[in-house]
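# Coordinate analysis (summary)
Residue strings, one per chain:
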Amino acid sequence: MKYVLVTGGVVSGLGKGVTASSIGVVLKSCGLRVTTIKIDPYLNTDAGTMSPFEHGEVFVLDDGGEVDLDLGNYERFLDIKLTRDNNITTGKIYQAVINKERRGDYLGKTVQVVPHITDEIQDWIERVAMNPVDGKEGPPDVCVIELGGTIGDIESMPFIEALGQFSYRVGPGNFCLVHVSLVPVLNVVGEQKTKPTQHSVRGLRGLGLAPDVLACRSTEPLEEHVKVKLSQFCHVPISNIVNLYDVTNIWHIPLLLRDQKAHEAILKVLELQYAGKVPREPKLAEWTERANKFDKLKTPVNIAMVGKYTGLSDSYLSVLKALLHASVAMERKLVVDWVPSCDLEDSSARETPEAHKKAWKLLKGADGILVPGGFGDRGVQGKILAAKYARENNVPYLGICLGMQIAVIEFARSVMKLRGANSTEFDPTATSPCVIFMPEGSKTHMGATMRLGSRTTYFQANGCKSARLYGNATSVDERHRHRYEVNPDMVQDFERAGLQFVGKDESGRRMEIIELPSHKFFIGAQFHPEFKSRPGKPSPLFLGLIAAASGQLEPLLQRSCNNQTKTHTNGKVPKHRKLYPVPVKSPLNSLVNGYYPNGTGIHT
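Predicted model only: the values in this text are computed from it and were never measured.

## Here's the deal with the overall build of the protein chain
Within the protein chain one finds 20 helices and 21 strands. Against the compact-globule benchmark of 25 Å for 604 residues, the protein chain has a radius of gyration of 26 Å, which places it among compact chains. Dimensions along the principal axes, computed over C-alpha positions, put the protein chain at roughly 75 × 60 × 50 Å. Put simply, the protein chain has 604 residues, and 59% of those count as buried. Sequence separation of 24 or more characterises 75% of the internal contacts of the protein chain that already satisfy a separation of 6 or more. In the form shown here, the protein chain has an accessible surface area of approximately 25000 Å², with 51% of it arising from carbon and sulfur atoms. Within the protein chain, one finds 72 positive and 65 negative side-chain charges whose respective centroids are separated by 4 Å.

## Some points on unusual backbone geometry
Along the chain, Val114 connects to Pro115 via a cis peptide bond; the corresponding omega equals 15°. Summarising the element assignment, Pro115 is placed in helix α5 (residues 113-129). At His235, a residue that is not glycine, the phi angle is positive and equals roughly 60°. Here His235 is to be found in the loop between α8 (224-234) and β9 (241-245). Here Lys261, not a glycine, exhibits a phi torsion of approximately 60°, which is positive. Mapped onto the elements, Lys261 comes out in the loop between α9 (253-259) and α10 (262-269). The class for Lys261 is partly exposed, based on a relative accessible area of 40%.

## Description of the side chain of Ser21
In this fold, Ser21 is placed in helix α1 (residues 16-29). Those residues in contact with Ser21 that lie beyond four places of it in its chain are Asn73, Tyr74, Phe77 and Leu78.

## Some thoughts on the packing of aromatic side chains
Overall, the coordinates contain 12 aromatic pairs when judged by the stated rule. Taking 6.3 Å as the distance between ring centres and 45° as the angle between the ring planes, the aromatic pair formed by Phe411 and Phe494 counts as tilted. Residue Phe411 is found in helix α16 (residues 402-414), and its partner Phe494 is found in helix α18 (residues 491-497); the two are separated by 83 residues along the sequence. You'll find Phe411 and Phe494 in the same group, each marked buried. Through a chain of ring-to-ring contacts, three or more aromatic side chains come together here, namely Tyr3, Phe166 and Phe175. Residue placement shows Arg127 over the ring face of Trp124; its charged tip is 5.0 Å from the ring centre.

## Observations concerning the packing of helix α12 (residues 317-329) against helix α19 (residues 540-549)
Packed helix pairs are characterised by how far apart their axes lie and by the angle those axes make with each other. Taken N-terminus to C-terminus, the directions of α12 and α19 make an angle of 60°; their axes are 8 Å apart at the nearest point. By the angle between their directions, the pair α12 and α19 is classed as oblique. Seen from above, α12 lies across α19 with right-handed handedness. Residues Val319, Ala322, Leu323, Ala326, Ser327 and Ala329 of α12 touch α19, and the partners they reach there are Phe542, Leu543, Leu545 and Ile546. For the contact of α12 with α19, a count of residues per class yields 9 nonpolar, 1 polar and no charged.

## Some words on the pattern of salt bridges
Within this structure, the stated rule accounts for 31 salt bridges. Where Glu392 meets Arg391, a salt bridge forms, and the shortest distance between an N and an O atom there is 3.6 Å. Given the relative accessible area of 23%, Glu392 is considered partly exposed. For Glu485, the salt bridge is made with Arg510, and the minimal N-O distance between the two is 2.7 Å. Highlighted residues: Glu485 in strand β18 (residues 484-486) and Arg510 in the loop between β19 (500-504) and β20 (511-515), separated in sequence by 25 residues. Each of the two residues, Glu485 as well as Arg510, counts as buried. Counted as one network, the salt bridges with shared partners bring together Asp62, Glu75, Asp79, Lys81, Arg479, Lys532, Arg534 and Lys537.

## Quick notes on the environment of Leu284
Along the chain, Leu284 turns up in the loop between α10 and α11 (285-296). A relative accessible area of 7% means that Leu284 is categorised as buried. C-alpha separation for the pair Leu284 and Ala421, spaced 137 residues apart in sequence, amounts to 52 Å. Residues in contact with Leu284, not counting those within four places in the same chain, are Val25, Ser29, Pro254, Leu255 and Arg258.

## A word on the sheet that holds strand β15 (residues 432-437)
If you walk across this open sheet you meet the 3 strands as β14-β15-β18, and the pairing is mixed. The outermost strands of the open sheet, each flanked by one partner alone, are β14 (421-423) and β18. Between one strand axis and the next, the sheet turns through 25° on average, direction left out of account. As paired strands, β14 and β15 are joined by 3 bridges and run parallel to one another. Following the sheet pairing, Asn422 is matched in β15 by Pro433. Packed on one face of the sheet, α16 meets β14, β15 and β18 and runs near 165° to β14.

## Focus on the UniProt feature "domain: CTP synthase N-terminal" (unreviewed entry) in the protein chain
UniProt feature "domain: CTP synthase N-terminal" (unreviewed entry): in the numbering of this structure it lies at residues 2-272. Helix makes up 41% of residues 2-272 and strand 17%, and the two end C-alpha atoms of the span are 8 Å apart.

Rules used in this analysis
The numbers attached to residues start from 1 for each chain and follow its sequence in the written order. Confidence filtering applies because this is a predicted model: local features only for residues at pLDDT of at least 70, side-chain atom pairs given and counted only at 80 or more, and all residues used for totals across whole chains, interfaces and linings. Think of the side-chain values as coming from all heavy atoms in the structure, minus any hydrogens and water. Strands here are runs of E lasting at least two residues and helices are runs of H or I lasting at least four, both read from the DSSP assignment and numbered beginning at the N terminus. The quantity called the radius of gyration is restricted to C-alpha atoms. Its globule counterpart is 2.2 Å times the number of residues to the power 0.38. Only protein chains enter the accessibility calculation, which uses a 1.4 Å probe. A residue is then buried if its area is under 20% of the maximum for its type, exposed if over 50%, and partly exposed in between. Residue contacts follow a heavy-atom distance rule, with two residues in contact if any of their heavy atoms lie within 4.5 Å. In these tables, accessible area is a Shrake-Rupley quantity obtained with a 1.4 Å probe, and a residue counts as shielded only by the protein chains included in the view. Positive charges are assigned to Lys and Arg, negative charges to Asp and Glu, while His and the chain termini are left out of the count. Where a charge sits is defined by one atom per residue type, namely NZ (Lys), CZ (Arg), CG (Asp) or CD (Glu). Geometry of aromatic contacts follows a simple scheme: Phe, Tyr and Trp rings, the Trp one being its six-membered ring, pair when their centres are within 6.5 Å, and the pair is stacked under 30 degrees between planes, edge-to-face over 60, tilted otherwise. Put simply, a charge is over a ring when the Lys NZ or the Arg CZ is close to the ring centre, within 6 Å, and near the line of the ring normal, within 35 degrees. The convention used is that axes are lines fitted to C-alpha atoms, helices contributing only their stretch in contact, and that angles between N-to-C directions extend from 0 to 180 degrees. These descriptions rest on fixed angle ranges, namely under 35 degrees for roughly parallel, over 145 for roughly antiparallel, 65 to 115 for roughly perpendicular, and the rest for oblique. For any pair of crossing helices, the crossing counts as left-handed if the nearer helix is rotated counterclockwise from the farther one by less than a right angle, and right-handed if it is rotated clockwise. Note that Gly is not counted as nonpolar here; it falls among the polar residues with everything else outside the nonpolar set of Ala, Val, Leu, Ile, Met, Phe, Trp, Tyr, Cys and Pro and the charged set of Asp, Glu, Lys and Arg. Criterion for a salt bridge: a side-chain nitrogen of Lys or Arg within 4 Å of a carboxyl oxygen of Asp or Glu. Two strands pair if DSSP finds at least two bridges between them. UniProt positions are given in the numbering used here, feature names are shortened, and annotations may be inferred rather than shown by experiment.

Here it is in structure tokens:
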């Protein structure tokens, strides 16, 4: 097994995750099988209880692992399926060591950071690196490890020590360290400064690790004399200094690595050309075409993102990437209009009238509306108003997790005239509890107690838009993260009023997908389709939203049905599955067919 360690220096937020992912892409394009591990030095066991404002989105894996968003980058770039063990945290390591101590595994020894914590880290890496993640049998060839944080952080010290020991454990030719650092330009001087990188490398060496490759981040390409200086003071060959300057989109990063022969430097350090498996030159034609296609897109499609975490785009990173994948596939330039849901509410009109006016202008000018997942009651009324506007004005709408529940609540209030309709998450005493706490959930423990991971959704209706987008599949596996669900006792009332539940779980009592058949595109999903979207394989529901927002839905549905998706049920249909034709007659008197805003006023 070969290992590539990616560390970061000077400042956080340099793009270590994208760099690690891009290294994996280039090595994979050379014919190598690649896996990844992310190390997060925080004490949390996982990312599940963290606020999106604190740490960005929580990415969910097939096995239900709630992990760092960088694992989403790995999965999207490399088209692999990782497990919860591919995300190491300080909390997991200490928990494993303490469990061993309680069992008596250390035979009375004094348990210490060295060697017990550091050994546990090394054993974890070796064990997880051997697991295949690409659907093939046998261990991968290379494991790319990203160490979170910045060199010098106190919480990273046990991992630095462990990785220093690990480089000796695996031996020369099996370990390559790529250090990502910043080369800033001071506006007053106007020259690229190498001193921050010099200090960062000196600190790294002082901790027992020496970089084999330098990946220098900068706004503009590095000047040649700057590379010479970095090589001289950091003791790294010029051929091993890679410049990752700002590009138009992150899909260009693997191409930058390829063009600067980064793969040759890494393969030389890893002695892969002598390991009996000679890698080929990188084959990135499809990747290059996609990156260039993105840059040439001109026709905009405006999507209003109505959420409560709009102040930090990383809070919705996977949703943004899924929208991007879909828009490129539909040959449209994505423009995301960030709409804080609180600003849509009536209280905002009184307290912050300018913000209220701006929010509604963005919403009404959008080609499509997306309400993503979230927790808590802040901004919920604004999301309900957004769903109502989309439903009444025939604007394409996609609701994800809470966004689906919001659509159900709005339908109950506006169409079914149930004024007490609400979720028990926001009003435990609601007279019409449309959304309720799942019976198997825990109300005392927050971490890893939700319905998590990949679950199967069975389509209930022949010809519904959702099933057609999935290639007329009878079922689909998607990832979940929720503890509230649509009240199954109210489903018949909803269906009589015209709201269709076209996707359900295997029991038939848990609602997974809703649709309004008379609407241009009004779909809600209890699962999170964004987590399985890939650059070359966009999520079907996101494709549908972008297609509907750009006037391309019918051709897309036709193509999707022609390219039948392989089902997950081998032709077997659960006994509860109720098939009915679509569309059905709907009593939606408030639905205005024919009005479709043309998306004036582009905002980013």
